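Architecture and fold: a report
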Amino acid sequence: MPELRIYDSFRRQKIPFTPVEPGKVGMYLCGPTPYAAAHIGHAYSASCFDMIRRALVLLGYQVKFVRNITDVDDKIIKAAAQAGEDPLERSRRFTDEYNREMRLFGILPPDVEPRVSTHIAEIIDVTSKLVANGKAYEVSGDVYYSVASFAPYGQLSGQTPDDLRAGARVDVDERKRAPADFALWKAAKPGEPSWDSPWGKGRPGWHIECSAMCAAHLGETFDLHGGGKDLIFPHHENEIAQSQGAYGPGTFAHYWLHNGFLNFDGEKMSRSEGNVFTCTQIADAVGAEAARFFFSSHHYRSPVEFEYEATRDADGKLATIRFRSLEAADRRLAYFYETLSRIDAFVASGDGGPGAVVAGADTLVNDAREALSDDFNAPVVMAALGEAAKLANKLLDEGKGIDKQVRRRSIARLGADLRTVGNTLGILTAAPIDYLHERRERLVKRRGLDRAAIVALVAERDAARKAKDFARADAIRGEVAPLGVELLDTPTGTDWRVVDAG
RNA sequence: GGAGCCAUAGCCAAGUGGUAAGGCAGAGGUCUGCAAAACCUCCAUCCCCAGUUCAAAUCUGGGUGGCUCCUCCA
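All values reported here derive from a predicted model rather than from experimental measurement.

Observations regarding the overall build of chain A
- Scanning chain A from terminus to terminus reveals 16 helices and 17 strands.
- Considered along the principal axes of its C-alpha atoms, chain A spans approximately 90 × 60 × 35 Å.
- Scored against the burial criterion, the 502 residues of chain A give a buried share of 51%.
- Look at the contacts in chain A between residues 6 or more apart in sequence, and 76% of them connect residues 24 or more apart.
- In the form shown here, chain A has an accessible surface area of approximately 22,500 Å², with 51% of it arising from carbon and sulfur atoms.
- Within chain A, the 71 negative side-chain charges are centred at a point lying 3 Å from the centre of the 64 positive side-chain charges.

Structure, rendered in structure tokens:
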């Protein structure tokens, strides 16, 4: 196995990865705060770390992956109050929806999915420890972390408490000793969920849940901690302060990984810009797997440009929306599935058994390992996938000069490896026929075509061709062309597809 | 005001010291009743300036342009 090197946000450089326990990786990802429908940024972040997790497995590690659910939080409480709903019920509902959507995007469920509401005891425990260690103080039912008590504070983000004060735009709570101090525990307010604690009834602040849940499921010291770049400050900075404040120097995550942001037209996605798209919107428009494919062609740390074209009607409501780059990804993904479909059909009559293969037909998995070892370079893996598919198509097209069994074996091997490596990126997991049919239906719908009419014309052309009535056959081709329908003559008859150009 | 990131062909995107992966688009070709698909060939010297080095897209300094964080936003 190649040596794994990871870019660590804390040290700000790519360094060799040494796990706490040889061969094993404990990995924590800050999951969602489910109070509304998940947007595509959630899916991106989850995809990045799903890929990293699967890559670690491909590299031979035994991985324990923990992704939390922050189900007690201001945003949930606020949204629930507006909807007249119980906060925990609301978060439960959106947690289920989140998980459903992540599955749609090919994201595997975590090994453990801890929630705040079921880890109150652990949270109280850490908080008590921090109070005992002199890192936290109570003020009338609230408990705050004293940033001044933790000398290394700010190392992850490069922020210092002094600089923060200068830029602070939030109202400073007078009861805090320092503006940068943050709440570990918040005294209960009417209508909010609360639990008993040494400081009276209350609920956890933001940040502390991750410290508690990491320790509960991965131990005081573990390997990887991930999240979106925006979480570096204050969330992850505070997690470090909490965990090391409680368990001592050198504890907590040894490597920090942060995924880049999804940008729309160069701007961050935000509600005020009107460019927040839900997972459902994207999945309906181009298919979730195409989005996943698109993600994989970008390095997880880089920002991802996500282009879209929207038309709005008179009163500003969204009328139509197109995601050009995702559509392009979908076309390319179709190429891979068409290749797999050809391979499957060919291998169905024999896979050539064990033995030698042609040059380049057995290098994909190792090339993928090589690329993934270099800070999980998925785009390079994508290039390797393309090379493998090309070779497979070449072998399928032309078998001249190659031993029959070697050819079979090579094609079978390429098919298997395309799936193995594709799956590491969360793609090529479907049956080719399913994907291709779903895609066609999606395009039929997008273009507003009359499916039955097309099928009838295709049947007519098929008959015409069989009767060698090429004039009629060509006429039908001309009829459907303006609709964006292309006729494909195959040895077994005429098939059709919807052209998705531009 | 403080902290950081980015700048590679028409477009997307890897590459962090040794003479630019891959994809899309484009041009030509093989194949095909026509077509599509598939495959083949062609297509950049890396924002600007200065410097370090035998050697820089890759390092240093200075510009210019874009973005993010310091707001419970993945």
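From this point, the discussion proceeds with the structure in view.
Description of the nonpolar core
- Judged by nonpolar contacts, the single largest core of 88 residues is most densely connected at Ile40, Leu56, Phe306 and Phe376.
- Lining this core are residues from two domains, each supplying at least three of them: domain 1 (24–259) and domain 2 (327–424).
- Beyond its immediate stretch of four places on either side in the chain, phenylalanine 376 contacts Leu4, Ile6, Met51, Ile52, Ala55, Leu56, Leu257, His299, Tyr300 and Ala371.
- Counting 38 residues, the second largest nonpolar core, distinct from the first, contains Tyr28, Val126, Trp199 and Ile240.

Looking at the pattern of salt bridges
- Counted according to the given criterion, the structure contains 36 salt bridges.
- Arginine 175 is the partner of aspartate 142 in a salt bridge, and the nearest nitrogen-oxygen pair spans 2.5 Å. Separated by 33 residues along the polypeptide, aspartate 142 in strand β6 (residues 142–145) and arginine 175 in the loop between α5 (161–167) and β7 (182–187) bring together distant segments of the chain.
- Notably, a salt bridge pairs arginine 439 with aspartate 500, separated by 3.7 Å at the nearest N-O pair. Pair noted here: arginine 439 is in helix α14 (residues 432–447) and aspartate 500 is in the segment after β17 (493–498), with a separation of 61 residues, a long-range link. Each member of the pair, arginine 439 as well as aspartate 500, carries the same accessibility label: buried.
- One network of salt bridges, in which partners are shared, links Arg322, Glu327, Asp330, Arg331, Arg439, Arg442, Arg446 and Asp500.

A closer look at the pairing of β7
- Sheet analysis places β6 next to β7, joined by three bridges and oriented antiparallel. Counted as the bridge partner of valine 143 is tryptophan 185 from β7.
- With three bridges joining them, β7 and strand β8 (residues 202–204) adopt antiparallel strand pairing. Bridge pairing in β8 places lysine 186 opposite arginine 203.

Re the side chain of histidine 299
- Along the polypeptide, histidine 299 turns up in the loop between α9 (288–296) and β13 (304–305).
- Polar contacts involving the side chain of histidine 299 include one to the side chain of aspartate 375, which spans 3.4 Å.
- In contact with histidine 299, not counting residues within four places along its chain, are Tyr44, Asp375, Phe376, Asn377 and Pro379.

Examining the state of the cysteines
- Counted under the stated rule, the structure contains zero disulfides.
- Free cysteine: cysteine 30, not disulfide-bonded; nearest cysteine sulfur from cysteine 210 at 3.8 Å.
- Cysteine cysteine 214 remains unbridged, with the sulfur of cysteine 210 as its closest cysteine sulfur at 6.1 Å.

Here we look at the pairing of strand β9 (residues 221–228)
- β9 sits mainly inside the fold: seven of its eight residues count as buried.
- Relative to strand β10 (residues 252–259), β9 runs parallel, the two being bridged by seven bridges. Counted as the bridge partner of glycine 226 is leucine 257 from β10.
- Following the backbone out of β9, through helix α7 (residues 232–247) and into the adjacent parallel β10, one traces a crossover that is right-handed.

Some thoughts on the protein's contact with RNA strand B
- Around RNA strand B, a shell composed of 56 residues is seen, among which Lys75, Lys268, Asp397, Asp474 and Asp489 lie nearest.
- Close to the protein, within 4 Å, the atoms of RNA strand B are drawn from sugar and phosphate at a rate of 59%.
- Aspartate 74 is positioned with one of its side-chain polar atoms (N or O) 3.1 Å from a base nitrogen of RNA strand B.
- If you tally residues by element for the surface near RNA strand B, the top one is helix α12 (residues 378–397), at eight residues.
- A per-class count over the surface near RNA strand B returns 15 nonpolar, 18 polar and 23 charged.

Notes on the sheet that holds strand β12 (residues 267–268)
- Spatially, the three strands line up as an open sheet ordered β12-β11-β13, and their pairing is mixed. At either margin of the open sheet sits one strand with a lone partner, and together these are β12 and β13.
- Looking at chain direction, strand β11 (residues 262–264) and β13 are connected through two bridges and run parallel. Paired with leucine 262 across the strands is valine 304, a residue of β13.

Concerning the domain arrangement of chain A
- What the domain assignment lists for chain A is domain 1 (24–259), domain 2 (327–424) and domain 3 (449–498).
- Spacing between the C-alpha centres of domain 1 and domain 3 amounts to 58 Å.

Observations concerning a negative patch on the surface
- Taken together, the side chains of Asp265, Glu267, Glu305 and Glu307 present a region of like negative charge at the surface.
- Residue placement: glutamate 305 occurs in strand β13.
- Residue classification places glutamate 305 among the partly exposed positions, given a relative accessible area of 41%.

Reading guide: rules and limits
Residues numbered from 1 in each chain as written. Chains lettered and ligands numbered in written order. Predicted model: local features only at pLDDT ≥ 70, side-chain atom pairs only at ≥ 80, totals over all residues. Heavy atoms only, no water. Helix = DSSP H or I, 4+ residues; strand = E, 2+ residues; numbered from the N terminus. Buried < 20%, exposed > 50% of the residue type's maximum accessible area, 1.4 Å probe, protein only. Contact = heavy atoms within 4.5 Å. Areas by Shrake-Rupley, 256 points an atom, 1.4 Å probe, with all protein chains shown as cover. Lys, Arg positive; Asp, Glu negative; His and termini not counted. Charge placed at Lys NZ, Arg CZ, Asp CG, Glu CD. Core = buried A, V, L, I, M, F, W, Y, C linked by side-chain atoms within 4.5 Å. Domains from an automatic or database assignment. Salt bridge = Lys/Arg side-chain N within 4 Å of Asp/Glu carboxyl O. Pairing = 2+ DSSP bridges. Polar contact = N/O pair within 3.5 Å; in protein donor to acceptor, adjacent residues only side chain to side chain. Disulfide = S-S within 2.5 Å. Right-handed = clockwise from strand over helix to strand, strands pointing away. Near = heavy atom within 4 Å. Nonpolar A, V, L, I, M, F, W, Y, C, P; charged D, E, K, R; others polar. Patch = residues over 30% accessible without salt bridge, like charges linked within 9 Å, V, L, I, M, F, W, Y side chains within 5 Å.

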